[in-house]
Amino acid sequence: MLRQVLAAARKEARLALSYRLAFVTGSAGILSAVFMFALLARFAGRGAPGLLDAYGGDFFAFILVGIAFQSYLGLSLD
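Source: prediction; values computed, not measured.

A. Representation of the overall build of the chain within the structure. Scanning the chain from terminus to terminus reveals 3 helices and 0 strands. Its helices and strands taken in sequence order, the chain reads α-α-α from the N to the C terminus. Taken across its 78 residues, the chain has 6% of its residues classed as buried. Carbon and sulfur atoms form 71% of the exposed surface of the chain, whose accessible area is close to 6700 Å².

Next up, the structure:
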C-alpha cells in the first residue's frame, strides 16, 4: 500500500513540475498567503488576547487550521 501511495505521489510531483510556471505561481501564492496571515496574526494577537484562549492563544495556528478545513471542504464540495 505504501509503495502505491509513494508511486502516485511521485507521478503527481512529476506532473506538477512539468508545468513549471503553474508550479512557481502556485508556490508563490501559497507563500504569500502564509506571510500575509503571519503578519495578520502578529497584529491581531496583540489586540484580543482573551479571545484566543479557547484556541491555545495562537492566532496563526487558528488561521492555518481554518484554511486547511476550508480547502478540505471546498474539495469535497467539488
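Once the structure has been displayed, the description carries forward.
B. Structural detail: the pattern of salt bridges. Within this structure, the stated rule accounts for 1 salt bridge. Across the salt bridge formed by Lys-11 and Glu-12, the nearest N and O atoms sit 3.5 Å from each other. Classification of Lys-11 as exposed rests on a relative accessible area of 51%. Overall, the relative accessible area of 43% leaves Glu-12 in the partly exposed class.

C. Structural context of a nonpolar patch on the surface. On the surface, Met-1, Leu-2, Val-5 and Leu-6 cluster together into a nonpolar patch covering about 460 Å² of accessible area. Take Leu-6: it is sitting in helix α1 (residues 2-18). Owing to a relative accessible area of 45%, Leu-6 belongs among the partly exposed residues under this scheme.

The rules behind each value
- Residues numbered from 1 in each chain as written.
- Predicted model: local features only at pLDDT ≥ 70, side-chain atom pairs only at ≥ 80, totals over all residues.
- Heavy atoms only, no water.
- Helix = DSSP H or I, 4+ residues; strand = E, 2+ residues; numbered from the N terminus.
- Buried < 20%, exposed > 50% of the residue type's maximum accessible area, 1.4 Å probe, protein only.
- Areas by Shrake-Rupley, 256 points an atom, 1.4 Å probe, with all protein chains shown as cover.
- Salt bridge = Lys/Arg side-chain N within 4 Å of Asp/Glu carboxyl O.
- Patch = residues over 30% accessible without salt bridge, like charges linked within 9 Å, V, L, I, M, F, W, Y side chains within 5 Å.

By themselves these figures say nothing about function.
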